Amino acid sequence: MRGPLVVKRAFSEPLLLLAAFGSILLATTTLVALTMYASSIADAGVRRTMETASFRQTAAAVSAPVTAETYPKLDRAVRARLAAAYPTAPQISTSFRSDSYAMPGQERRRTPELLRFGSYEGLDRHAKLVSGSWPAARDDVVEAAISLSAASATGFKPGQEFTIVSRLAPRPVKVRVSGVFQLDDPYGERWAGEQLLSRGVERREFTTYGPLMVSRDTFVSRFATSVNATWTAEPDLRALTPAQLRPLATAVAEVGGKLKEDGCTGCVVTTRLPEMLTQLDTASLVARSTMLIPVLQLLLLAAYALMLTARLLADHRRMEVALLRSRGAGTARLAALAGGEALLVALPCAVVAPFLGPPLLRLVTALPWIESSGVRLTPSPDLGTFLVSVGVALASAVLLMLPALAGARRTYVEEQTARGRSGGRGLIERAGADVALLVVAALAIWQLQRYGAPVTATAGGGLGIDPLIISGPALALLTGGMLGLRLVPRVSRLAERLTSRRASLAPALGAWQVSRRPLKYAGPALLLTMAIAIGVVSMATASTWRASQLDQARHQAGADLRLSGPADGPELGTLGRGTAFAGLPGVTAVSPAFRGQVDVSGEDAVLLGLDAARLGQVFQLREDLSAQQVPELARALAAGPRAGGFELPGRPTSLGLRLTADAEVPLRLVLSDALGVWQDLPVGTVKAGESAVELDLRPLAGRTGKISYPLSLRGIIATPPQEGSASVTLTGLSADGRSLSPPPVSVKATAPSQAAAGFAPPAAQGPLPVVLTADLAASLKLAAGQVGKASVDRRVIDVRVAGIVERMPTALPGQRAMLADWGALQALELTSAQPPRPATEWWLAAAGGDASAARAALQRAPEWDVTAVDQRELAARLQDDPLASGLQGALMLGFAAALVFAALGFLVNAAVAARERMAEFAILRALGVSFRQVFGLLAIEQAFVVVLSLAAGTGLAVVIGVLVVPHIVLTGQASAVTPDVVLHIPWGATAAVLALVAVVLFAIVAGLARNLRSQGLDIREVQ
């Protein structure tokens, strides 16, 4: 009997039960999808990070001194410990470097050129043979392969045999060159510690060539005389899961200690993997915790929408329940009926939701800005998914039956008495609970702003999700909406007074109705307010995140394309690099730059030198980071010291100097090219009397580079003798044999300091204009426009603060920095008789900001030895990080669900309210009120709810956005963003969404009015 009664009772209210079913199904499906999404994004983020991790990040190297006798046992121990540390055995290779040998024929020289042997297990997987064959182990001769760069420098060829002798032992070694190879990526991270192997030659105190690569067995038997061996483990971590991150980090970090327990006291383990895995685990936890914010907001909204529907259902059945109670139905019986009805609605949702979640996720990941990240989520229902679904469904069933249980104790007379009463203030408002919740929400948001993420340290020393912080935005949403309810009675009374003075009937009746029963409209208003706030906050968060990724890319790159590398190289020399870079396709401006760590009055800072004339084209600074714009900073920097110079006519490739000196003096000539690159050329030691020197300028360009003409002579720098002084005068100058007439140049150097003289008087003098970061300016106690003294690398100079920036582009977070004009820096160095600063970087501007063509050209020229930072490529990489971008999908899913909840709740409330007032509308029609006026009355009432909710929801979203959004936008490594996040609300899209919501809601009102008209509103039928 109970079963059929429950079913019959449920189907007696199809509209409300259908609304409850829709609310529970939407809540269950959306929350199941969000939990699946959070888990899938964490897995995808870890997988993407591991797939794109570089060799330097994942490899682990163990180095130890070995001999031919100790190597076998140590090799077994190291390989066993490394294999045990990883989930799957890594690929382990060994490498060796021998002692130095004198080059053939130079054994008796005091400073001979040197040659080294080496071995690298698996070298054939990372290099290709140019000629010959890979070396084999032989007893009579040592077979060795040599790199192409080393072969070019030494002249060795395949098949060539020679005998060399170690500098430490007189035993000769007979060598045969078996082949020449070329590394696939000579400048890659794998060879970062193998400079000799990648370059073929090292020029230091001794010039060293090689290494000649031999087989491992040959090296161990012939060259392992207390040399250093390195074991490198390359793990395959593409299948790593978030749960394995911490254990793997711990296991790898313990390898060194376990090797020492095995007796290898000299073993040194070098790896960045534990640090990377720990950081990735933290980022994964933060990403999941941040995605809980929209989950909790949606939970709150779903719970309120369901309770609103349940309250309507309970109100509609108040008299029915009272009659059942008067006829003997007890509380248990009524609770069983309410519970059975709730389960009848909720259980089907629990079964269906896990299967609806994956298609819903596919729709979310199809959004353009999420699809562009390349993340493809293919989750499938599992036990955890069904547990979440059942839990949400059961909680929804409890919420659905609670109002029915609350009214199950009233008698029929009590219900009749209470039916006509309606206060102007709700229980929560009367109790002041909304104010108390405001305090809790404020505390949660304050903690979020303080910690910067919903993850804090636990009592056990680990990391965990802080429930207070994670619930802060949801609590703020509820509190703001509840505080907004206090406006409903006041605004309705004001509207009543205004409309009562007008002759129109509908506005006056509508305002009077809302003013008479404000609590009837407070529920739908709060639901709409929270839904609109969730939607606007979601759009603002997604827009802010995308804008922040672009800001980070601009800040880290500094320019459209930034190139770094050695200032000089065999392919492109000092004066050949700029010409090559300026000729890259799409490049519109280029500036040489210097970057280096300097000491500024006791503070460690980055010194950045850029050409002020090109600063406006290449330098990218977000507007809010400085009170001055980039053009203003450029003009201020350009007003600094300028060195004079003597411009050389034509395109000379050699210079002839005639000099007169009164003592021997080492001399250097300083010149610059058309791009502003300065270089000092060693003239050599000028002897006393007259002398002539010829300087070849072609090596300055490198093998394939071209000098950017015209060249200008800037000055000469003289180094004094150990005691006394020396003077030198330039008496003649020629370029490619053609005599020139430079201004007279003479310099006198007195021990112990160097001296310099320019080819022309300085074009401008005065303090050095600099742009400082705010923290460095505060340390120096200087404000914008002030002149003061600063010690730069222990030299005190006068500086004028041309501007102050909060963050300097390309500087690391929290790093102090100083920006100066490139030419002014060089003039300062020349005045101090210091060599010019090298161009360690090149900043390039590209047409339309697109440097892809230039990047492609650089990839075709690896011999140029440059590292490129492309702003657009960097922005794409930041936006493609699943851990950083995962919040967007959760927000969009929550946003869509919030709007559906709002529309569904509004529809149910409006339909029930209209049905309950059928008699009232029929009486109005009988009194002569037209249907248009009845529709106007209904429209005015609902418009009050809609307009108030849209305005309050938008205002609440702005407040929450300002307080919360900048603190939940983090990097993919879960660290604070540099530069600081700026809230970005897409007002155009927001207005469009609000207009769409208003149109949908008013369409619902129009549909209800049409339904009322179709029923005729006859008073006799209603009665």
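Predicted model only: the values in this text are computed from it and were never measured.

*Asks:* Help me understand the overall build of the chain, please; the structure alone is not making it clear to me.
*Replies:* Looking only at helices and strands, one finds 33 helices and 32 strands in the chain. Classification of the 1023 residues of the chain by burial places 52% in the buried group. Considering only residue pairs separated by 6 or more positions, the chain has 80% of its internal contacts joining residues 24 or more positions apart. A total of about 44800 Å² of accessible surface is found on the chain, and carbon and sulfur atoms cover 56% of it.

*Asks:* Quick question: what am I supposed to make of the nonpolar core here?
*Replies:* Inside soluble globular proteins, nonpolar side chains tend to come together where they are buried. Counting residues in each nonpolar core, the largest one holds 142 residues, and the members touching the most others are Tyr-86, Phe-117 and Trp-231. The greatest single-element share of this core, amounting to 15 residues, is contributed by helix H10 (residues 273-316). Here Tyr-86 is in contact with Ala-60, Ala-233, Pro-235, Leu-237, Leu-248, Val-252 and Leu-273, once residues within four sequence places are set aside. Core analysis: the next-biggest nonpolar cluster, separate from the first, contains 86 residues, Leu-659, Ala-701, Phe-759 and Leu-830 among them.

*Asks:* For this particular structure, what's the right way to read the pairing of strand E1 (residues 60-66)?
*Replies:* When a strand is regular, its side chains alternate between the sheet's two faces. Most of E1 sits inside the fold, with five of its seven residues counted as buried. Alignment of E1 against strand E11 (residues 268-271), held across four bridges, turns out to be antiparallel. Paired with Ser-63 across the two strands is Val-268, which belongs to E11. Taken together, the seven bridges between E1 and strand E10 (residues 227-234) define a ladder with antiparallel strand orientation.

*Asks:* Would you mind showing me how to read the side chain of Ser-396 here?
*Replies:* Secondary-structure assignment places Ser-396 in helix H14 (residues 383-406). Sequence-distant contacts of Ser-396, defined by excluding residues within four places in its chain, comprise Ile-24 and Leu-306.

*Asks:* Where do I start with the packing of aromatic side chains in this structure?
*Replies:* Remark: the centre distance and the inter-plane angle together describe each pair of aromatic rings, the angle taken between the planes. Under the criterion given, the structure shown has 14 aromatic pairs. One aromatic cluster is present, formed by Tyr-71, Phe-96, Tyr-101, Phe-117, Phe-219, Phe-223 and Trp-231 through successive ring pairs.

*Asks:* Quick question: what am I supposed to make of helix H4 (residues 71-85) here?
*Replies:* Along an α-helix, a turn takes 3.6 residues, which lines up residues three or four apart on a common side. Counted at 1.5 Å a residue, the expected span for H4 with its 15 residues is 21 Å, and the 21 Å between its end C-alpha atoms agrees. Within H4, the full set of buried residues consists of Tyr-71, Leu-74, Asp-75, Val-78, Leu-82 and Ala-85. Considered in projection along H4, the buried side chains sweep an arc of 105° and stay on one side of the axis. Those residues of H4 that are exposed and angled more than 90 degrees off the buried face are Lys-73, Arg-76 and Ala-84. Lining the buried residues of H4 we find E1, strand E2 (91-102), helix H7 (216-222), E10, helix H8 (245-253) and helix H9 (255-261).

*Asks:* Explain the environment of Asp-775 here, please?
*Replies:* Note on placement: Asp-775 falls in helix H25 (residues 774-780). You can call Asp-775 partly exposed: its relative accessible area is 29%. C-alpha separation for the pair Asp-775 and Glu-806, spaced 31 residues apart in sequence, amounts to 7.9 Å. If sequence neighbours within four positions are ignored, Asp-775 has contacts with Gly-814 and Arg-816.

*Asks:* Would you take a moment to explain the pairing of strand E28 (residues 787-792) for this structure?
*Replies:* Across six bridges, the pairing between E28 and strand E29 (residues 795-805) is antiparallel. Its bridge partner lying in E29, Ser-791 is registered against Val-796. Count of turn residues in the E28/E29 antiparallel hairpin: two residues, of which Asp-793 carries a positive phi of about 50°.

*Asks:* Explanation requested: the state of the cysteines in the structure shown.
*Replies:* As enumerated under the stated definition, the model contains one disulfide in all. There is a disulfide in this structure between Cys-264 and Cys-267, and the S-S distance comes to 1.7 Å. In this structure the cystine formed by Cys-264 and Cys-267 twists about its S-S bond by roughly 85°; its chirality is therefore right-handed. The pair formed by Cys-264 and Cys-267 is uniform in burial state, with each residue classed as buried.

*Asks:* Honestly, the confidence of the model for the chain in this entry has me stumped. Any pointers?
*Replies:* Interpretation of this model should avoid reading the predicted coordinates in detail wherever pLDDT is low. The pLDDT averaged across the chain works out to 81; a share of 82% of its residues lies at or above 70. Here helix H33 (residues 1019-1022) is the element of the chain with the lowest mean pLDDT, 42, and strand E31 (residues 841-846) is the one with the highest, 94. Within the model, the stretch residues 420-431 combines pLDDT values under 50 with 15 contacts to residues more than four positions away or in other chains. Contacts from residues 1018-1023, a stretch scored under 50 in pLDDT, to residues over four places away or in other chains number nine contacts.

*Asks:* Is there a simple way to think about the pattern of salt bridges in this case?
*Replies:* A pair can form between side chains of opposite charge whenever their charged atoms are brought close. Counted under the stated rule, the structure contains 27 salt bridges. The closest approach of N and O atoms between Asp-262 and Arg-81, which form a salt bridge, is 2.9 Å. Residue Asp-262 is found in the loop between H9 and E11, and its partner Arg-81 is found in helix H4; the two are separated by 181 residues along the sequence. Measuring nitrogen to oxygen at the nearest pair gives 2.6 Å for the salt bridge that ties Arg-622 to Asp-624. Taking the relative accessible area as the measure of exposure, Arg-622 reaches 18% and is therefore buried. Connected via shared salt-bridge partners are Asp-75, Arg-79, Glu-121 and Arg-216.

Rules used in this analysis
- Residues numbered from 1 in each chain as written.
- Predicted model: local features only at pLDDT ≥ 70, side-chain atom pairs only at ≥ 80, totals over all residues.
- Heavy atoms only, no water.
- Helix = DSSP H or I, 4+ residues; strand = E, 2+ residues; numbered from the N terminus.
- Buried < 20%, exposed > 50% of the residue type's maximum accessible area, 1.4 Å probe, protein only.
- Contact = heavy atoms within 4.5 Å.
- Areas by Shrake-Rupley, 256 points an atom, 1.4 Å probe, with all protein chains shown as cover.
- Core = buried A, V, L, I, M, F, W, Y, C linked by side-chain atoms within 4.5 Å.
- Pairing = 2+ DSSP bridges.
- Phe/Tyr/Trp six-rings, centres within 6.5 Å; stacked < 30°, edge-to-face > 60°.
- Expected span 1.5 Å × (residues − 1).
- Arc of directions from axis to C-beta.
- Disulfide = S-S within 2.5 Å.
- pLDDT = per-residue confidence, 0-100.
- Salt bridge = Lys/Arg side-chain N within 4 Å of Asp/Glu carboxyl O.

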